[in-house]
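Survey of secondary and tertiary structure
Chain by chain, the residues:
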Amino acid sequence: MSGTEQNGKATLSGAEILIRALTDQGVEVIFGYPGGAVLPIYDALFAQNNIRHILVRQEGGAVHAAEGYARSTGKPGVVLVTSGPGATNAVTGLTDAMMDSIPIVCLTGQVASHLIGNDAFQEADTIGITRPCTKHNYLVQDADEMGRIVHEAFYVATHGRPGPVVIDLPKDICVNQGHYEKPDLENLKHKTYRPPIEGKTEAIAAAVEMMAGAKRPIFYTGGGLINSGPEACARLQELVRLTGYPITSTLMGLGAYPASDDRFLGMLGMHGTYEANNAMHDCDVMICLGARFDDRITGRLDAFSPHSKKIHVDIDPSSINKNISIDLAVIGDVGKVLEQMLARWKDGAYQPDQAALNDWWTTIQKWRSRHCLAFTQGADIIKPQHAIQRLYELTKDRDTYITTEVGQHQMWAAQFYKFEEPNRWMTSGGLGTMGYGLPAAVGAQIAHPDSLVVDISGEASFMMNVQELSTAMQYKLPLKIFILNNRWMGMVRQWQQLLHGSRFSETYSEALPDFVKLADCFGATGMVIERPDELDASIQKMLDTDGLVIADVRVAQEENCFPMVPSGAAHNEMILGDGENADRPKVSGEGMALV
Amino acid sequence: MSEKSEIAPKHTIAVLVDNEPGVLARVVGLFSGRGYNIESLTVAKVDAGEDRSRINIVTSGNEMIIDQIRAQLERLIPVFRVVDLTESGPSVERELALVKVVAKGENRIEALRVADIFRARAVDSTLGSFVFEVTGDSGKVNAFIDLMQPLGLAEVSRTGVVAIARGADAM
Ligand SMILES: Cc1ncc(C[n+]2csc(CCOP(=O)(O)OP(=O)(O)O)c2C)c(N)n1
Ligand SMILES: [Mg+2]
């Protein structure tokens, strides 16, 4: 790198310092898109070989790709975009990462310092715009500060509850000379930010006591376990084995506990299983691990699990008592807290109340025997549930990563694809961002070039970031895009049918492209799958085809996603697919507004 | 200000922050973004090195909301400490107001008399007006302003509440 001697210390341009600091952080990949304000940074990237740049087709795609990369590796994802429109295009992705606690460092170009506030060309108040949708953001005002800020940004993004961090980089700062020395990254300490790691001993003891005294216990687990890492998930498995208690998971937590295990009741919440939601409703001790009592989980607040004592383990104290009143809070990293709980359980030689637990499992088995996810696959039309089930069967023994878009297909994927390990499942949970899945798949495939990456998509969501096909083609990513094409914005159509008198306002997927031709024009392979009897062979063909494949799976158009806890209803007022109430839920006007 | 604030108890919260650019915007944005109420807000640097600022916020809400506010404030990266002075024991609260009264004759004399009772000082005076400086807790300042109303109150400028815990312990 270029540099001049000054006071005996080498000086570098701000952009060079940036690249050095990123390299020192171990960054291998940046997802980005160039522009005027970031030209000095692209110049510095050009001059080195440590960091690979993946050129997306729209900045929103860059952030989702970085999310897919981060979620599938446990490492922070890095994004580089230009000022103004580059930064504003990144806002959806940043908000998405904020909601789902994904560690992202997003570098945004900015106009030169002296132009800030002047409505200069491609100026946006990126710091102001991204303040509420990032965990923290920085404006670099001096090249000498560049190194410190970059390392601090990574620290903040990855410590405590993870999240996105923006570093806004005025063009002159990237050109100016400054000093850089690699800090002692192992022992980096933040001036003010000290997230808790260990749970308080008394809280752990009280939690274990409460757990052991339970007659109808349940583990309710979430994305915090995935963030904490595979070790946290291994400890969860040990604790579930040790206690024999049932376990359910949020959308974001799928894979933290193996779905095939008998103790797993499936996902809970709005489209959760009958057994999981009823067990949540009737339990006497709820052990919430790294989840946040989101409104899609709780349903009607005043009817949520009315008879239980609730233990809440979370690294973020603001999650405690936010929506639901908690009996016992344990603040700390869920992996560490699980280690402490396991040690305490073993030390105290605790035993579950086996007789009560047997009764509880008998009740749960009764709920289970309701087979709430059952559907009937006929001979003519592929049911979307069946398509996911077959995809699962044909890919489960492979090294597979699944991403989704948002809608019915996402919920069916969550219900029917069984995740055995963490980091294999990437979906937009908190924000529910259509268009997430394709770029997230790009990020996952970049991180795992030899693995199978499937984007389970809906025909409407797919169109939202369809331009990222071009990115995937540029880097020869063999993504498999599995579109459950029902010709509707299915999830919205379902709500219109159930809650708005079947007035299907603007939800028909009109003027869809021919997906086979679309694949063809990007240089990929397209296929249509129409008949149930060809489904397996076609999925196999998709998997066996080299390179990117778009499978346009024509599924039953009017299929609804059940079970469903309508907004404003309690967990035990679920609509089941086969019941006579399936078309006419009792939803109040109040409930309708809760949506 | 929301309707809630009329019934929900008031809390004075002190926030010690790293004096980095935008930190006030973060705090204010948190309150507006999450729908919390700000009745008063003061901010100034409070150490010799000018590294730290103290923000005093008077807000209102039930216990769950106040706990949320505290946790959300603590979650902001440049925050050192958050103390709910209303919860944490006895504290002293003060506010300063500059009150302009335009009056002649009997009202002018009465205004001076009231000011005397409140230990307010006249910091500016013309033949037809006074500017009084009054300090005290918000109740006292409110009472003073109320009394000036019929006497020719023309303009008020208030600092908002600054507060500190009583006793030897520092924040
Ligand atoms: C960016 C964005 N806009 C709008 C929505 C609201 N929305 C939720 S699901 C959905 C329909 C999705 O349709 P499709 O991708 O075909 O999936 P399906 O439900 O049919 O499986 C819409 C419009 C959203 N989640 N995200
Ligand atoms: Mg659809």
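In this text, all values refer to a predicted model and were calculated from it rather than measured experimentally. (Residues numbered from 1 in each chain as written. Chains lettered and ligands numbered in written order. Predicted model: local features only at pLDDT ≥ 70, side-chain atom pairs only at ≥ 80, totals over all residues. Heavy atoms only, no water.)

Some words on the site of ligand 1
Residues and elements named next belong to chain A. Taken together, 17 residues are adjacent to ligand 1, and Q408, H409, G432, S461 and G490 come closest. At 3.1 Å from an oxygen atom of ligand 1 is found a main-chain nitrogen or oxygen belonging to A460. For ligand 1, the protein covers 76% of the area, taking 590 Å² as the surface of the free molecule. Those elements giving two or more residues to the shell around ligand 1 turn out to be α17 (408–416), α19 (459–462) and α21 (490–499). Its residues assigned to classes, the shell around ligand 1 comprises eight nonpolar, eight polar and one charged. (Near = heavy atom within 4 Å. Polar contact = N/O pair within 3.5 Å; in protein donor to acceptor, adjacent residues only side chain to side chain. Areas by Shrake-Rupley, 256 points an atom, 1.4 Å probe, with all protein chains shown as cover. Helix = DSSP H or I, 4+ residues; strand = E, 2+ residues; numbered from the N terminus. Nonpolar A, V, L, I, M, F, W, Y, C, P; charged D, E, K, R; others polar.)

Side note on the domain arrangement of chain A
Residue and element names in this part refer to chain A. Here chain A is partitioned into domain 1 (4–187), domain 2 (201–368) and domain 3 (384–554). Placing the centre of domain 2 and that of domain 3 at their C-alpha centroids yields a distance of 31 Å. At the interface, 17 residues of domain 2 touch 17 residues of domain 3. Approximately 1400 Å² of surface area, both sides summed, lies buried where domain 2 meets domain 3, with 66% of it carried by carbon and sulfur atoms. (Domains from an automatic or database assignment. Contact = heavy atoms within 4.5 Å. Buried area = accessible area lost by both parts, 1.4 Å probe.)

Regarding the state of the cysteines
Enumeration according to the criterion identifies zero disulfides over all chains in this entry. C174(A) carries a free sulfur, and the closest cysteine sulfur to it, the one in C106(A), is 13 Å from it. (Disulfide = S-S within 2.5 Å.)

A short note on the sheet that holds strand β21 (residues 549–554) of chain A
Residues and elements named next belong to chain A. Here we have six strands laid out as an open sheet, ordered β17-β16-β18-β19-β21-β20, and parallel in their pairing. Pairing within the sheet leaves two strands with one partner each, and these edge strands are β17 (425–426) and β20 (525–529). Bridge count between β20 and β21: five bridges; the pairing is parallel. Each bridged residue has a counterpart across the sheet, and for V528 the counterpart in β21 is D552. Running over the sheet, helix α16 (residues 384–395) touches β16 (400–404), β18 (452–458), β19 (480–485) and β21 and is turned about 160 degrees from β19. (Pairing = 2+ DSSP bridges. Axes fitted to C-alpha atoms, helices over the stretch in contact; angles between N-to-C directions.)

Focus on the coordination of the magnesium ion (ligand 2)
Residues and elements named next belong to chain A. Within the protein, the magnesium ion (ligand 2) binds to E459 (OE), E459 (OE), N486 (OD1) and W488 (O); these donor distances fall in the range 2.1 to 2.7 Å. Look at where the donors of the magnesium ion (ligand 2) fall in the sequence and you get E-x26-N-x1-W. The pair formed by N486 and W488 is uniform in burial state, with each residue classed as buried. (Donors = N, O, S within 2.8 Å, 3.2 Å for Na, K, Ca; no water. Buried < 20%, exposed > 50% of the residue type's maximum accessible area, 1.4 Å probe, protein only.)

Things to note about the packing of aromatic side chains
All names here are of chain A. Within this structure, the stated rule accounts for 19 aromatic pairs over all chains. Aromatic pair Y392 and Y417: ring centres 5.0 Å apart, planes at 80 degrees, arrangement edge-to-face. Of the two residues, Y392 sits in helix α16 while Y417 sits in the loop between α17 and β17, which places them 25 residues apart along the sequence. Taken as a pair, Y392 and Y417 share a single burial class, namely buried. Among the aromatic residues, those joined into a cluster by ring pairs are F219, Y245, W345 and Y350. The residue whose ring lies beneath R370 is Y274, and the NZ or CZ to ring-centre distance is 5.9 Å. The ring centre of Y401 lies 4.3 Å from the NZ or CZ of R424, which sits over that ring. (Phe/Tyr/Trp six-rings, centres within 6.5 Å; stacked < 30°, edge-to-face > 60°. Lys NZ or Arg CZ within 6 Å of the ring centre and 35° of its normal.)

Section: the side chain of D314(A)
Residue and element names in this part refer to chain A. Turning to its location among the elements, D314 is positioned in strand β14 (residues 309–314). As a buried residue without a salt bridge, D314 has its nearest oppositely charged side chain in R161, at a separation of 5.3 Å. Setting aside chain neighbours within four positions, we find D314 in contact with A291, S319, I320, V330, I331 and G332. (Lys, Arg positive; Asp, Glu negative; His and termini not counted. Salt bridge = Lys/Arg side-chain N within 4 Å of Asp/Glu carboxyl O.)

Let's talk about the nonpolar core
Residue and element names in this part refer to chain A. Among the nonpolar cores identified, the biggest contains 98 residues, and M341, F482 and V553 are the most heavily contacted of them. No fewer than three residues from each of domain 2 (201–368) and domain 3 (384–554) sit in this core. Residues within four places of F482 in sequence aside, it is in contact with A387, L391, V454, D455, I456, S457, I539, M542, A551 and V553. By size, the runner-up hydrophobic cluster in this structure holds 47 residues, among which are V166, Y436, A440 and I446. (Core = buried A, V, L, I, M, F, W, Y, C linked by side-chain atoms within 4.5 Å.)

Considerations on the environment of S13(A)
All names here are of chain A. In this structure, S13 sits in strand β2 (residues 9–13). Distance in space between the C-alpha atoms of S13 and L169 is 13 Å, their sequence separation being 156 residues. Dropping the residues within four chain positions of it, S13 is found in contact with C174, V175, N176 and Q177.

Observations concerning the pattern of salt bridges
Inspection of the entire model under this criterion finds 29 salt bridges over all chains. For the salt bridge of R554(A) with E530(A), the shortest nitrogen-to-oxygen distance reads 3.8 Å. Of this pair, R554(A) sits in strand β21 while E530(A) is found in the loop between β20 and α23 (535–544), placing the two residues 24 residues apart along the sequence. Among the salt bridges present, the one from R70(B) reaches D67(B), with a minimum N-O distance of 3.2 Å. Here R70(B) and its partner D67(B) are both found in helix α3 (residues 63–75), three residues apart, which amounts to about one turn of the helix.

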